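# Results of the structural survey
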Amino acid sequence: MSSVSRALRQSSRHASRVVAQAMPKAAYSSLARAVVGKAVPRAAIQGVRGVKTMDFAGVKETVYERSDWLLPKLQEYFKNDTLALIGYGSQGHGQGLNARDNGLNVVIGVRKDGESWRQAVEDGWVPGETLFPIEEAIKKGTIIMNLLSDAAQSSTWPTIAPLITKGKTLYFSHGFSIVFKDDTHVIPPPDVDVILVAPKGSGRTVRTLFKEGRGINSSIAVWQDVTGKAKERAIALAVAVGSGYMYDTTFEKEVYSDLYGERGVLMGAIQGLFRAQYEILRRNGHTPSEAFNETVEEATQSLYPLIGAKGMDYMYNACSTTARRGALDWAPVFEKANLPIFERLYESVRNGTETRKALEFNGRKTYREDLARELEEINNQEIWRAGHTVRSLRPDYRPDSE
Ligand SMILES: NC(=O)c1ccc[n+]([C@@H]2O[C@H](COP(=O)([O-])OP(=O)(O)OC[C@H]3O[C@@H](n4cnc5c(N)ncnc54)[C@H](OP(=O)(O)O)[C@@H]3O)[C@@H](O)[C@H]2O)c1
Ligand SMILES: CC(C)(O)[C@@H](O)C(=O)O
Ligand SMILES: [Mg+2]
Ligand SMILES: [Mg+2]
């Protein structure tokens, strides 16, 4: 076990002892219920403490935990607020439903009769009660959560800006609009708090982790603090929308790392690597099923979850000595080959090239159809058609689940 993971384990064990010793069983159960919304075994709530400074590989950072914001406190804190959540994509769905389940006043604002409107109705938001056209929702809100697409945040800003009046809080889940203001022209009024809560994962995961009684990691930041309470509000809102742990960042650091990561190993790089590996297997006479199993299925179903659960060394130890030797030899080769690409990518993010592309593409009226066309092309690639058949053999496969 590495020294970092040992330290983490010890700190978590210590915290659970503190909680366990300090609380009678009944109080502990109600704490657990309040933190995760349902009864959970004592072991599942280890490490409950509000704020902690932790050593991340030699660097001390502050982490905020939702344990400081148990449901009664959260509800009391926001009792005079209306969260106007503008946009109902992946994040609108996850954050909106979580905040609603946490008992807060939430209204959704989206284009009337668009796809998001339809999805919001499907999720139980009621037109005229909790679902409104964008401008109406903003007028009702005290906390304006801008979860429109980053391109739409820019194009709608001239109409939205005058409605963000003094005393309201402006909230984003990405540093995009604010940091790249020369391209987006989003410049907030000087008399409102401007904060960021950026869940580090898909909005679908924001929802599923919340329902499982866990919480996603989120980055939080303050751009403008006129009330002196902006940071506190960011933390409370992060908890409200389903975060478990909150990490400090800045708007700049969030947007650079996020745009970089999703174009890199989170999405773009891994798609490219899967495809390249598959292609060479096929060129060498391997069948589609063998190429897919050896590339995607084993990665996602067997090895990557091991990395996720306990780290890279754990995954290595779960594989043969033969695999370990070869992978250890080839890892630096891939690292060296990819470093210049990652350098180029970071620069393309930092200098705004990626921002301008996103604004152009997603600013089109046909953004949904254009994207659907490209995704359909991927879906039709042999690798993913083979994958469809491989998945269809899983015991839990249901034909309507894809
Ligand atoms: N997706 C994630 O998991 C994730 C994770 C962390 C942070 N974020 C950030 O969260 C924010 C929201 O992202 P998202 O993925 O949830 O949404 P998204 O898919 O990027 O955007 C969808 C929303 O934008 C609306 N929209 C698009 N063009 C519009 C226009 N011209 N006028 C009015 N509305 C328009 C859509 O409404 P219609 O249906 O009417 O088109 C829909 O409600 C972004 O800042 C994003 O970077 C996202
Ligand atoms: C889910 C991601 C990739 O982390 C997010 O950054 C997004 O833009 O959707
Ligand atoms: Mg992103
Ligand atoms: Mg992200």
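As annotated in an unreviewed UniProt entry, the chain carries the name Ketol-acid reductoisomerase, mitochondrial and comes from Fistulina hepatica ATCC 64428. A UniProt comment under Sequence similarities (unreviewed entry) is attached to the chain, and it reads "Belongs to the ketol-acid reductoisomerase family." Database annotation for the chain, UniProt heading Subcellular location (unreviewed entry): "Mitochondrion".

Moving on to the overall build of the chain. Assigned secondary structure in the chain consists of 20 helices and 10 strands. For the chain, the residues scored as buried account for 40% of the 402 residues in total. Per element, the accessible surface of the chain, about 21900 Å² overall, is 55% carbon and sulfur.

This brings us to the sheet that holds strand β6 (residues 143–146). Two pairing modes exist for strands in a sheet, parallel and antiparallel, and in both the strands are linked by backbone hydrogen bonds. Ordered by their spatial adjacency, 10 strands build an open sheet running β1-β2-β10-β9-β8-β7-β6-β3-β4-β5, and the pairing between neighbours is mixed. Here the strands that pair on one side only, and so sit at the sheet edges, are β1 (51–56) and β5 (131–132). The pairing of strand β2 (residues 59–65) with strand β10 (residues 243–248) spans three bridges and is classified as antiparallel. Across the sheet, residue Y64 finds its bridge partner in β10, namely M246.

Attention now moves to the site of ligand 2. The environment of ligand 2 is formed by G201, S202, D258, E262 and M267. Here D258 contributes a side-chain N or O atom positioned 2.9 Å from an oxygen atom of ligand 2. Within the side chain of E262, a nitrogen or oxygen atom sits 2.8 Å from an oxygen atom of ligand 2. Each residue belonging to the shell around ligand 2 can be placed in one class, and the counts come to one nonpolar, two polar and two charged.

Below, the discussion takes up the coordination of the magnesium ion (ligand 3). For the magnesium ion (ligand 3), the full set of protein donor atoms is D258 (OD) and E262 (OE), and the range of their distances to it is 2.0 to 2.1 Å. Distance-wise, the magnesium ion (ligand 4) is placed 3.7 Å from the magnesium ion (ligand 3), both being coordinated by D258. Placement of both D258 and E262 in helix α13 (residues 251–263) is noted, with a separation of four residues, approximately one turn of the helix.

Taking the numbering used here, the UniProt-annotated feature "binding site: Mg(2+) 2" (unreviewed entry) corresponds to D258, E294 and E298. Sequence-wise these annotated residues cover 41 residues; spatially they are dispersed, their C-alpha atoms as much as 29.1 Å apart. Beyond its immediate chain neighbours, meaning those up to four positions away, D258 contacts H174 and K200. Polar side-chain contacts of D258 include one of 2.9 Å to the side chain of K200.

If you walk through the whole model with that rule in mind, you get 13 aromatic pairs. Ring centres of W330 and F334 lie 6.3 Å apart, and the angle between their planes is 50 degrees; on these two criteria the pair is classed as tilted. Taken together, the residues span about one helical turn, with W330 and F334 both in helix α17 (residues 321–350) at a distance of four residues. Judged by its relative accessible area of 46%, F334 is partly exposed. An aromatic cluster is defined as three or more aromatic residues linked by ring pairs; in this entry it consists of F176, F180, Y256, Y260, F342 and Y346. Here R100 stacks its cationic end above the ring of W125, 4.3 Å away from the centre of that ring.

The next point concerns the nonpolar core. Membership of the largest hydrophobic core comes to 35 residues, with the highest contact counts inside it found for I86, L170 and F251. Among the elements that line this core, the one with the most residues is α13, at four residues. Of all hydrophobic cores here, the second largest spans 34 residues; its members include L147, I220, A230 and I235.

Bringing the UniProt feature "domain: KARI N-terminal Rossmann" (unreviewed entry) in the chain into the picture now. In the UniProt entry, the feature "domain: KARI N-terminal Rossmann" (unreviewed entry) is given for residues 59–249. From the first C-alpha to the last, residues 59–249 spans 14 Å; its make-up is 38% helix and 25% strand.

Averaged over every residue, the pLDDT of the chain is 90; residues scoring 70 or more account for 87%. Scored below 50 in pLDDT, residues 1–48 shows 48 contacts in the model against residues more than four places distant or in partner chains. Reported confidences for the modelled complex are a pTM of 0.89 and an ipTM of 0.99.

Attention now moves to the site of ligand 1. Close to ligand 1 lie 25 residues; R111, S116, D150, Y367 and R368 are nearest. One of the backbone nitrogen or oxygen atoms of Y88 is found 2.8 Å away from an oxygen atom of ligand 1. Here G203 contributes a backbone N or O atom positioned 2.9 Å from an oxygen atom of ligand 1. Computed on the free molecule, ligand 1 has an accessible area of 890 Å², of which 81% lies beneath the protein chains in the complex. Those elements giving two or more residues to the shell around ligand 1 turn out to be α4 (90–101), α5 (115–122), α7 (150–155) and α19 (367–379).

In the structure shown here, the tally under the stated rule is 23 salt bridges. Note that K200 and E254 form a salt bridge whose closest N and O atoms lie 3.0 Å from each other. Highlighted residues: K200 in the loop between β8 (193–199) and α11 (203–211) and E254 in helix α13, separated in sequence by 54 residues. Taking the relative accessible area as the measure of exposure, K200 reaches 36% and is therefore partly exposed. A residue is classified by how much of its surface remains accessible, and E254, at 2% relative accessible area, is buried. Among the salt bridges present, the one from E279 reaches R283, with a minimum N-O distance of 3.1 Å. With a gap of four residues between them, E279 and R283 both fall in helix α14 (residues 268–283), about one helical turn apart. On the basis of relative accessibility, which here comes to 35%, the residue E279 falls in the partly exposed class. Within this structure, E360, R364, D370 and R373 form a network of salt bridges that share partners.

Here is what the cut-offs are and how they apply
Residues numbered from 1 in each chain as written. Chains lettered and ligands numbered in written order. Predicted model: local features only at pLDDT ≥ 70, side-chain atom pairs only at ≥ 80, totals over all residues. Heavy atoms only, no water. UniProt positions renumbered as here; feature names shortened; annotations may be inferred. Helix = DSSP H or I, 4+ residues; strand = E, 2+ residues; numbered from the N terminus. Buried < 20%, exposed > 50% of the residue type's maximum accessible area, 1.4 Å probe, protein only. Areas by Shrake-Rupley, 256 points an atom, 1.4 Å probe, with all protein chains shown as cover. Pairing = 2+ DSSP bridges. Near = heavy atom within 4 Å. Polar contact = N/O pair within 3.5 Å; in protein donor to acceptor, adjacent residues only side chain to side chain. Nonpolar A, V, L, I, M, F, W, Y, C, P; charged D, E, K, R; others polar. Donors = N, O, S within 2.8 Å, 3.2 Å for Na, K, Ca; no water. Contact = heavy atoms within 4.5 Å. Phe/Tyr/Trp six-rings, centres within 6.5 Å; stacked < 30°, edge-to-face > 60°. Lys NZ or Arg CZ within 6 Å of the ring centre and 35° of its normal. Core = buried A, V, L, I, M, F, W, Y, C linked by side-chain atoms within 4.5 Å. pLDDT = per-residue confidence, 0-100. Salt bridge = Lys/Arg side-chain N within 4 Å of Asp/Glu carboxyl O.

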